Amino acid sequence: MGRPADRHATSVSRSFALRHSPRAFLQAITQTVRLIRSKGVGIFFVTQTPKDVPADVLAQLGARVQHALRAFTPQDAKALKATVTTFPKSGYDLEEDLTRLGIGEAMVTVLDAKGRPTPVAWTRLFAPESRMGLAEEPTVDGIIAASLMFGRELVAGRRGSPIAIS
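We now turn to the structure provided with this report. (Residues numbered from 1 in each chain as written. Predicted model: local features only at pLDDT ≥ 70, side-chain atom pairs only at ≥ 80, totals over all residues. Heavy atoms only, no water.)

### Overview of the overall build of the protein
The cut-off we apply is this: In DSSP terms, a helix is any run of H or I states spanning at least four residues, a strand is any run of E spanning at least two, and both are numbered starting from the N terminus. Burial classification: accessible surface area is computed with a 1.4 Å probe over protein chains only, and a residue below 20% of its type maximum counts as buried, one above 50% as exposed, and the rest as partly exposed. What makes two residues a contact is simply this: any of their non-hydrogen atoms within 4.5 Å. Working definition of accessibility: Shrake-Rupley area with a 1.4 Å probe, residue cover restricted to the visible protein chains.
Of the regular secondary structure elements, the protein holds five helices and five strands. Helices and strands appear in the protein in the N-to-C order β-α-β-α-β-α-α-β-β-α. Within the span of the protein, comprising 166 residues, buried residues form 23% of the whole. Considering only residue pairs separated by 6 or more positions, the protein has 47% of its internal contacts joining residues 24 or more positions apart. For the protein, the exposed surface amounts to about 12,000 Å²; the carbon and sulfur share of it is 59%.

### As for the nonpolar core
How we decide: Joining through side-chain atoms within 4.5 Å is the link that ties buried Ala, Val, Leu, Ile, Met, Phe, Trp, Tyr and Cys residues into a set, and such a set is a nonpolar core.
Core analysis: the biggest nonpolar cluster contains nine residues, these being L69, L80, V84, F87, L94, L98, L101, M107 and V120. If you list the elements that add at least two residues to this core, you get helix 3 (74–85) and helix 4 (94–100). In this structure L98 touches Q66, H67, A68, L69, R70, L80, T83, V84, F87 and M107, once residues within four positions along its chain are discounted.

### Things to note about the pattern of salt bridges
Applied cut-off: We define a salt bridge as a contact between a side-chain nitrogen of Lys or Arg and a carboxyl oxygen of Asp or Glu at a distance within 4 Å.
A full pass over the atoms with the stated rule returns three salt bridges. The partner of E95 in a salt bridge is K81, and the shortest N-O contact between them spans 2.8 Å. In this pair, E95 sits in helix 4 while K81 sits in helix 3, placing the two residues 14 residues apart along the sequence. Its relative accessible area of 32% is what places E95 among the partly exposed residues. Using a relative accessible area of 45% as the deciding quantity, one classes K81 as partly exposed. In this structure, D112 engages R116 in a salt bridge whose closest nitrogen and oxygen atoms are separated by 3.0 Å. Taking the relative accessible area as the measure of exposure, D112 reaches 28% and is therefore partly exposed.

### Describing helix 1 (residues 23–38)
In plain terms, the rule: Here a helix's expected span is defined as the number of its residues, less one, multiplied by 1.5 Å. This arc corresponds to the set of directions leading from the helix axis out to the C-beta atoms.
In a regular helix each residue adds 1.5 Å, so 16 residues correspond to 22 Å; helix 1 covers 23 Å between its end C-alpha atoms and thus fits that length. Three or more residues of helix 1 are buried, namely L26, I29, T30 and V33. End-on view of helix 1: buried residues confined to an arc of 100°, all on one side of the axis. Turned more than 90 degrees away from the buried face of helix 1, the exposed residues are A24, Q31 and L35. At its buried positions, helix 1 is contacted by strand 2 (42–45) and helix 2 (55–58).

### Looking at the sheet that holds strand 3 (residues 64–66)
Our working definition: Two strands pair under a simple rule: DSSP has to find at least two bridges between them. As a rule, the C-alpha atoms of each element are fitted with a line to give its axis, helices using only the stretch in contact, and angles between N-to-C directions run from 0 to 180 degrees.
Read across the open sheet, the three strands follow the order 3-4-5; overall the sheet is antiparallel. A strand with exactly one partner marks an edge of an open sheet, and here the two such strands are strand 3 and strand 5 (121–124). For this sheet the average axis-to-axis angle between neighbouring strands, irrespective of direction, equals 35°.

### Some points on the pairing of strand 4 (residues 105–109)
Judged by how many residues are buried, strand 4 sits mostly within the fold: five of five residues are covered. With three bridges joining them, strand 3 and strand 4 adopt antiparallel strand pairing. Counterpart to Q66 in the pairing with strand 4 is M107.

### A word on the side chain of R64
So the rule is basically this: In protein, a polar contact requires one atom able to donate a hydrogen and another able to accept it; more generally it is a pair of N or O atoms within 3.5 Å, and residues adjacent in sequence count only if both atoms are side-chain atoms.
You can see R64 is positioned in strand 3. A distance of 3.5 Å separates polar atoms of two side chains, one belonging to R64 and the other to Q66. When neighbours within four sequence positions are excluded, R64 is seen to be in contact with P50, T83, T86, F87, M107, V108 and T109.

### Points about the pairing of strand 2
What counts is decided by this rule: We call a crossover right-handed when, viewed with the strands running away from us, the connection from the first strand over the helix to the second turns clockwise.
As judged from the four bridges shared by strand 1 (residues 9–12) and strand 2, these two strands associate in the parallel manner. By the bridge assignment, A9 is partnered in strand 2 with G42. Handedness of the crossover joining strand 1 and strand 2 through helix 1 is recorded here as right-handed.

Pasting the structure below:
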């Protein structure tokens, strides 16, 4: 993290449409994702279920933000089991816990600086406060200084991702 490109991300909404796309289009998407990721740009596929995104594309993604999965049908239960197998081993009972996540909660894993998956974390996500464009430097510094984590895990002047100092 820390390179200028690491601060950019894009999202692909309605990813379920990929499921029924022609093979040539899926190959182009996979190649594009590889290129985008090689430049340090984040890409998010937004969908109701991971099975909507082709396996070749999923294999290119390093971060997982998995919101609740419900298993109402045998097919849903099978998809849930398949999803659980794609997460790193953790202390969570993911098959159970993924069905218990509430609004704004997700199981999250990302790649560390050496490209290894981090442990799964049950996370509460807060809705963003909308803003179009970059925040001014004083605004960013003020937000960091007002954070409950300031002085504990955030260090002023370090751009990019927060660093742990404990």
